[in-house]
Amino acid sequence: MSRVAYVNGRYLPHRKATVHVEDRGYQFADGVYEVCEIRDQRIIDERRHMERLQRSLKEVRIQLPMSLRALSVVLHETVRRNHVCNGIVYLQITRGVARRDFTFPSSTTTPSVVVTARNLDRAGGEKTAHNGIVVATMPDQRWARVDIKSVSLLPNVLAKQAAKDQGAREAWLVDDRGFVTEGGSSNAWIVTDQGKLVTRPTDHDILRGITRTVLLDVIAAEGLELEERPFTVEEAYAEREAFVSSASQIVMPVIRIDGRNIGTGKPGPIALALRRTFHRKAEFS
Ligand code: PDD
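Residues numbered from 1 in each chain as written. Predicted model: local features only at pLDDT ≥ 70, side-chain atom pairs only at ≥ 80, totals over all residues. Heavy atoms only, no water.

Among the 20 residues in the neighbourhood of the ligand, the closest are listed as Tyr33, Glu182, Ile210, Thr211 and Ala247. Within the contact set of the ligand, an oxygen atom lies 2.8 Å away from a side-chain nitrogen or oxygen of Arg52. Within the side chain of Glu182, a nitrogen or oxygen atom sits 2.6 Å from a nitrogen atom of the ligand. For the ligand, whose accessible area on its own is 470 Å², the fraction buried by protein is 90%. For the shell around the ligand, the elements supplying multiple residues, two or more each, are strand E3 (31–39), helix H2 (46–60), strand E9 (180–183), helix H6 (210–221) and strand E13 (241–246). Across the shell around the ligand, the residue classes break down as five nonpolar, 11 polar and four charged. (Near = heavy atom within 4 Å. Polar contact = N/O pair within 3.5 Å; in protein donor to acceptor, adjacent residues only side chain to side chain. Areas by Shrake-Rupley, 256 points an atom, 1.4 Å probe, with all protein chains shown as cover. Helix = DSSP H or I, 4+ residues; strand = E, 2+ residues; numbered from the N terminus. Nonpolar A, V, L, I, M, F, W, Y, C, P; charged D, E, K, R; others polar.)

The following block contains the structure:
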């Protein structure tokens, strides 16, 4: 089955889907993105992802070059044309193509819009969740506005590769004071010995994950206790459970951090229960 990508108004065969060498996304990482889960051919939490997209665009002063309604049609059409049943849809908007100059190009420059979609192995994801994943901690070397979902991801790439080199699936980024900020491409959570869920509050130090936001509703509905506060790596080592959340991984139990078993060294019951119930509070479109 041949893949198709949406590039600036056209649906192209994947191998022909290219942007210009002077696209500012390519030269300056001057752009933002979103990733939504596709489940049973439906887009999960599209409304919330589009709200976050608008916020990111506003913060970096890029104008959405089409209506949200048209963008929604493109997202769904890209999912349909790629026959995605379970997977992800990726949307990227950059400041467009212009002669390389640090300051913004003229206001006539149209932002570039790219959408791709692909299937992910849902059964494989369930198996990974059943086994749990391993995490390695790395210094958080990102800029001070990671609440903007910018395509500038070099520190995340390097941290995740360093984690992979150590046999870990995700990197947990740690700030100068020893507190975990978030994962390289996920939000970080622990469950205390008293059964309280702990995750870092949303300020400029983490991405306000959509999965995280929906999980807050799930947690409230299940009557679980939540503490939004920073936690240290040492606390994470010692607590009962740990997990990560993201659109592509939903809730993924963490069984080991830096070689230390978390709890029993098996996926925790709270993480697994949240994974099972997550989609009851998610929106399907
Ligand atoms: N990553 N934190 C970071 C740094 C992320 O890159 C992501 C998402 C999240 C979780 O956000 P959400 O729940 O909205 O997916 C947190 C996406 C999936 C990615 O880059 O592939």
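Located in the positive-phi region is Ala29, a residue other than glycine, with phi close to 55°. The residue Ala29 is located in the loop between helix H1 (24–28) and E3 in this model.

Turning our eyes to something else, we now look at the sheet that holds strand E2 (residues 10–13). Strands sit in the order E2-E1-E6-E5-E3-E4 across an open sheet of six strands; the sheet is antiparallel. The open sheet has two edge strands, E2 and strand E4 (42–43), and neither has a second partner. Here strand E1 (residues 4–7) runs beside strand E6 (residues 112–119); their pairing, made up of two bridges, is antiparallel. Counterpart to Tyr6 in the pairing with E6 is Val115. (Pairing = 2+ DSSP bridges.)

Enumeration according to the criterion identifies five aromatic pairs in this entry. Between Phe28 and Phe102, the aromatic rings sit 5.0 Å apart at their centres with planes inclined by 55°, giving tilted as the arrangement. Linking Phe28 in helix H1 with Phe102 in the loop between strand E5 (87–94) and E6, this pair joins segments that are 74 residues apart in sequence. Phe28 sits in the partly exposed class, given a relative accessible area of 21%. Residues Trp189 and Phe243 carry aromatic rings whose centres are separated by 5.2 Å and whose planes lie at 15° to one another, so their mutual orientation is stacked. One end of the pair, Trp189, is in strand E10 (residues 187–191); the other, Phe243, is in strand E13, with 54 residues separating them in the sequence. For the pair shown, Trp189 and Phe243 are each scored as buried. Here the basic side chain of Arg95 rests over the ring of Phe104, its NZ or CZ set 3.7 Å away from the ring centre. Positioned over the ring face of Tyr237 is Arg260, at 4.1 Å from the centre of the ring. (Phe/Tyr/Trp six-rings, centres within 6.5 Å; stacked < 30°, edge-to-face > 60°. Buried < 20%, exposed > 50% of the residue type's maximum accessible area, 1.4 Å probe, protein only. Lys NZ or Arg CZ within 6 Å of the ring centre and 35° of its normal.)

Turning our attention to the packing of H2 against H6. Taken N-terminus to C-terminus, the directions of H2 and H6 make an angle of 130°; their axes are 10 Å apart at the nearest point. What the angle tells us is that H2 and H6 run oblique. When you trace H2 past H6, the crossing you get is right-handed. Mapping the contact onto sequence places Arg48, His49 and Arg52 in H2 and Ile210, Thr213, Val214 and Asp217 in H6. In terms of residue class, the contact of H2 with H6 is built from two nonpolar, two polar and three charged. (Axes fitted to C-alpha atoms, helices over the stretch in contact; angles between N-to-C directions. Parallel < 35°, antiparallel > 145°, perpendicular 65-115°, else oblique. Left-handed = near helix turned anticlockwise from the far one by under 90°. Contact = heavy atoms within 4.5 Å.)

Counting 23 residues, the largest nonpolar core has Leu53, Val89, Leu91, Val113 and Val115 as its most contacted members. Of all elements in the fold, only E3, H2, helix H3 (68–81), E5 and E6 reach the threshold of two or more residues within this core. Residues within four places of Val89 in sequence aside, it is in contact with Glu34, Val35, Cys36, Ile38, Leu75, Val79, Val115, Thr116 and Ala117. Core analysis: the second largest hydrophobic core is formed by 19 residues, Trp172, Ala188, Val233 and Tyr237 among them. (Core = buried A, V, L, I, M, F, W, Y, C linked by side-chain atoms within 4.5 Å.)

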